[in-house]
Every structure is written in structure tokens, then in C-alpha cells.
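Summary of the model geometry
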Amino acid sequence: MSATNQLAASIDEEQDRAKDYESPTPTLQGDVHAPNPDDVLEGGISQKPHNSGTSELLATTNDTDALIIDWEGPNDPHNPKNWSFRRKWAATAIVSSFTFISTVSSSMVAPASGQVASTFGINSNVTIALTTSIFMLAYAIGPLFLGPMSEIYGRSRVLQLANLSYFVWNLVCGFAQTESQLLAFRFIAGLGDSAPMTIGAGILGDCWRPEERGKASAVFSLAPLLGPVIGPITGAWIAERSTWRWVFWSTSIVDVVILIAGVFLLQETYAPLLLERKAEHIRRSMDAEKVPYSEIRTVFEGQDRSWRTVMATSLNRPFALFFREPIVQLLGVYMAYIYGTFYLFLTTIPSMFQGVYQESVGISGLHYIALGIGLIGASQLNARTMDKIYVHLKSKNSGVGKPEFRLPAMILGTLLLPIGCLITGWTAQAHTHWIAPDIGIALMGAGIILNFQCIQTYIVDCFTLYAASALAAISILRSLAGLGFPLFAPAMYNALGFGKGDTILAIVSIVIGCPAPWIFWHYGERIRNSSRYARP
């Protein structure tokens, strides 16, 4: 939905391209050299054919022997891409659960914002909205640091520690005594809570091959959108039956369960770290005096993976991609708009049904179910068809897959989103039966999830080597939109009403979104061929 190094290890997909390479078992020869760092993909293997049957590549560099550690061929069981489906789905389920509880926390306080305002004497509508949306500011900043840390210390370790930090600070939010304390605690909790979106998508890229990834991506993509739906529903009833403080304490309780499950079920998937561990094991098992190699290193260690280098790359490349790549620019702006609209509706649904339909806090929260129906229904349909459509189009294209084969469902999504906005706004404006705006909300949810899933998967397939940075650029924009849109929503609806306000949202959605799938279906390959970062 997104994150500095999301799907960074999806670059291991390049191993799939290289698996047909056949070369004889390397021997110590003067004309065999260690891979040039320029020939080594940023997160993957050497592009030059080398040893597909053993993990040890003997090489000479300046008359010095070196042992290069790599996967033991394309079917190495230690490579996460070769894990069993059961093991892959266990990892997918855990990271999706982390993402789900993180997004539940981002929106669960929305229905209770009135209680929070009453407790702390907050009179500003902007400040009230900020108690919910400040999480999005943390979501924009956290990935810039957590992503690089996952490349150095491993995905699983960073994800678990970041989520532990979220647990602590989210728990503390329930004890806040002032408005400033609550905002500060929410922001710090959000920094840790941004890890699942940052690192979780990377774990999927580590495990799943392109032709398998559609269903896993659909499940994972549903979590950050379904969470903000479930959160307000439960938050509304918790706030009505107890106090807003239990909104934070209840999510912390659920997070403990997920944390414990993650300790047992989530294993490391990041290829460079796994190979570093393997190299270290070989170093320790060899007699230092008899070892025939001057150095033992992994195929990744031709690059500078120091903290300073990784951080500099992670901070600079997302912005370079955004300013240089038309694909990232258009889809990034559109996804930011989608996410901003999503959070705008999350924060205004209570005011719509409490104000127009005079419903209680708990009952008004039930209308989030309509949004959930749209999200789940469209997501399940897309999950069942995305890979099938990709395989079908690939077979028609002489067995060659293209990222553009991920776009068909996006055409429907770009139409459903503005239609849903128009129905919601004008039926609420006319005070029709509550089911009418709920239908619009459901259609809007369907459009959001279809766009979200197609864009994320298309970006990953386009920027295989730099998927992390491409998704980071989109994630930053998306999170900032999620922060900003709810802040201007009250003023817009007070001035224009729900009908005209949602009409503006629909028009902008049509202008930005509808041309995108058509443009990239017809010209995407040409754009990728001229790109410095996208795969041809």
C-alpha cells in the first residue's frame, strides 16, 4: 500500500530468469574471476551465468582465491522462493495479521474522537481529525528507516522489534493525560506500526514467484484496507460502552497474540542475510590454517551494504524514481489520491450518519460494514482471477509475461470509485434511506481495492530490482495524502455539502485514474524499455 524497502528482496525473482543458465562446476582457473559488483544485481544474483548446481563458486581475484556463496541451484530448499506452499502461506498470514492490526489501530479511534475532544477540551476540527490521521505522518517517515534496517538486520527481526515498540506506545496512549501526550504517543506508536507495510510486502517478494504472487498480494493488500474498516466498527461500540482509552488497550491485547504467533511462525526470508549466515557457518567450520581461500563471501557482498550506504540509497532512490519515472509519477499520484479519499471517508462516515440520519455512535459505526463488503468482495474476486488472467495473457504472448497483464481489473476499479463517490454524496445530501449511501460506499470500497492491488502488483513487476524504492515513493505520497485529506474534509463538506463535495472527489478521480490503465496497457512496454530502473 507501499515503504522504503517493500519487496526489496523480490529482486530475487532474477534468479528465476537465471535458472536456465547452465555452466560447468567452477574450478580454480586463471580465467575464472569473482563476479564484478557491477554484474551483481542489487538484491540478487550475478547476471552472468555461474554455477547452477552448487552454492560455492571458486574464483580468483588478483591471483587470490575466493569462495563465493550462493544458492545451491534454482531448487535450493533454503531459498524462500522454494519453500513449501504451507510455509509460504504461514509467512503471508503472519505479515498480513501484523498489517491488519496496524491499520486497525490507525482508524479505530475515529468514532471515539468526540470523546477524546470532550476529555481534553479540543475545539478545533483539524486537531480532532489529527488524533486519527497523525498515524499517516508516521507511516510516511517510519519506512525510510525501517526498510534499510531490514536489509541489514533481517526482515523478521526488525518487524518483530518494531511491532513490539508499537505495542508499548499504543498501550501508553490509553494513559495519556493531555492532548499533546496523546498526539505524541500516537505518532511514536505509528512509527513502529509502519513496519508491517514496509517489510511485509518485502517478505512476500522474498517468498513468492511472479506467477504465484497474485493471490498472496491480494490477501496482503486487503489487510491495510480492511483494518481501517473493522477498526471504526469496534471502536464505536467500545467507546459507547466503556471509554476511548479501551480503544487503545484492546488493540494492544490483540497485538500480543499476533506477536507471539510471529515469534514461532515467521522465519527470516531476506536472501542476502540468509547467505551471510551460510557463509559465516562455512568460515567457522573450516580450519583457518588449512583453508584454501583467501576470503569467503556471498554473491551479494560485492556491493557496499554498510549502514551508511544502504541508508543513503534508500533515502535517495525513491525520490529519484518519482522524478524520473512516468510510471511511478502517475500511479503514485493516483494511489495517493485513492488512499487520501479512503481516509477522508473513514473520518467522515460517523459525521454523515450521526448528522444527517441522527444515529448513535455505535449504530453509525455499523455503516463501515458497507465499506468492508466492497473491499472484501472485490478483493476475493480479484484474488481468484488475477493470476489466471496473468497466466492466460502470458500463454497468448508466447509464454512471455508482462507487467501490463496485471492491469485489466484496474479498468473496473477506476470506474467504480467515482461512481461510488457520486452515489454516496448525493443520496446523503437528499436524505434518502441509509441503504443508498451504503451502496455507494460499497462501490467505492470495491474500486479502491481493485486499484490498490493492481497498482502495487504492477509496480513490483515493473521495477523488480528496485521495487522497494518504487513502492517507497508511492508509500510516502500515500501516507501524506492519508494525513492531509481528513484535515480539509470538514471544511469542504461544511461549505459544499456531501453532494458537491463528493462530486469534486469523483471528477478528480476520473481525470487522474481513468487514463492510467489505458496508457500503460498500450505504452507501458515502451516506457519500461526507455527506463533506467524498470525491467524491459
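As shown above, the structure is provided for reference.
Bear in mind that the values here come from a model prediction, so they are computed numbers and not experimental data.

**A closer look at the nonpolar core**
In this structure, Ile327, Leu331, Ile459 and Phe463 are the most contacted members of the largest nonpolar core, which totals 117 residues. In terms of residues, this core owes the most to one element, helix α12 (residues 326-355), which gives 17 residues. Discounting residues that sit within four places of it in the chain, Ile459 has contacts with Ile327, Leu331, Ala470, Leu471 and Ile474. If you look at the next biggest cluster of nonpolar residues, it comprises 13 residues, including Trp71, Leu275, Ile282 and Val299.

**Observations concerning unusual backbone geometry**
The phi angle at Gln358 is positive, at roughly 55°, despite the residue not being glycine. Turning to its location among the elements, Gln358 is positioned in the loop between α12 and α13 (361-365). Overall, the relative accessible area of 64% leaves Gln358 in the exposed class.

**Re the environment of Phe405**
With respect to the helices, strands and loops of the structure, Phe405 is situated in the loop between α14 (368-396) and α15 (408-429). Residue class for Phe405 comes out buried when judged on its relative accessible area of 9%. Along the primary structure Phe405 and Met386 are separated by 19 residues, whereas in three dimensions their C-alpha atoms are 8.8 Å apart.

**Remarks on a nonpolar patch on the surface**
A cluster of nonpolar residues, Ile260, Val263, Phe264 and Leu265, forms a patch on the protein surface that exposes about 450 Å² of accessible area. Look at Val263 and you get exposed, because its relative accessible area is 57%.

**Here we look at the pattern of salt bridges**
Applying the stated rule across the entire model yields six salt bridges. A salt bridge links Arg155 to Asp206; the shortest N-O distance between them is 2.8 Å. Remark: Asp206 occurs in helix α7 (residues 195-207) and Arg155 occurs in helix α5 (residues 155-173); sequence separation between them is 51 residues. No difference in accessibility class separates Arg155 from Asp206, as the two residues are buried. Several salt bridges converge on common partners, so that one network encompasses Asp387, Arg406 and Asp461.

**Focus: the packing of α15 against helix α18 (residues 515-529)**
For the pair α15 and α18, interaxial distance at closest approach is 8 Å and the crossing angle is 160°. Considered as vectors, α15 and α18 are oriented roughly antiparallel to each other. Crossing geometry of α15 relative to α18 is assigned as left-handed. Touching Pro408, Met410, Ile411 and Thr414 of α15 are Ala516, Pro517 and Trp521, all from α18. For the contact of α15 with α18, the per-class residue count stands at six nonpolar, one polar and no charged.

Cut-offs applied
Residue indices follow the written sequence of each chain, beginning from 1 at its first position. Selection of residues for local features in this predicted model requires a pLDDT of at least 70, selection of side-chain atom pairs for listing and counting requires 80 or more, and totals for whole chains, interfaces and linings are taken over all residues. Hydrogens and water molecules were not included; the side-chain quantities draw on all heavy atoms of the structure. We call a set of buried Ala, Val, Leu, Ile, Met, Phe, Trp, Tyr and Cys residues a nonpolar core when their side-chain atoms join them within 4.5 Å. Relative accessibility under 20% of the residue-type maximum defines a buried residue, over 50% an exposed one, and the middle range a partly exposed one, all with a 1.4 Å probe and only protein chains included. Counting from the N terminus, the helices are DSSP H or I runs at least four residues long and the strands are E runs at least two residues long. Between two residues, a contact is recorded if the distance between any of their heavy atoms is within 4.5 Å. Patches draw on residues past 30% relative accessible area with no salt bridge. Two like charges within 9 Å are joined, as are two nonpolar side chains (Val, Leu, Ile, Met, Phe, Trp, Tyr) within 5 Å. For every accessible area listed, the method is Shrake-Rupley and the probe measures 1.4 Å; residues are considered covered only by the protein chains on display. For this analysis, a salt bridge means a side-chain nitrogen from Lys or Arg found within 4 Å of a carboxyl oxygen belonging to Asp or Glu. In this analysis, axes come from line fits to C-alpha atoms, helices being fitted only over the stretch in contact, and the angle between any two N-to-C directions falls in the range 0 to 180 degrees. Note that the term roughly parallel is reserved for angles under 35 degrees, roughly antiparallel for angles over 145, roughly perpendicular for angles of 65 to 115, and oblique for everything else. Whether a crossing is left-handed or right-handed is set by the direction in which the near helix is turned from the far one by less than a right angle, anticlockwise for left-handed and clockwise for right-handed. Ten residues, namely Ala, Val, Leu, Ile, Met, Phe, Trp, Tyr, Cys and Pro, are considered nonpolar, four, namely Asp, Glu, Lys and Arg, are considered charged, and the remaining ones, Gly among them, are considered polar.

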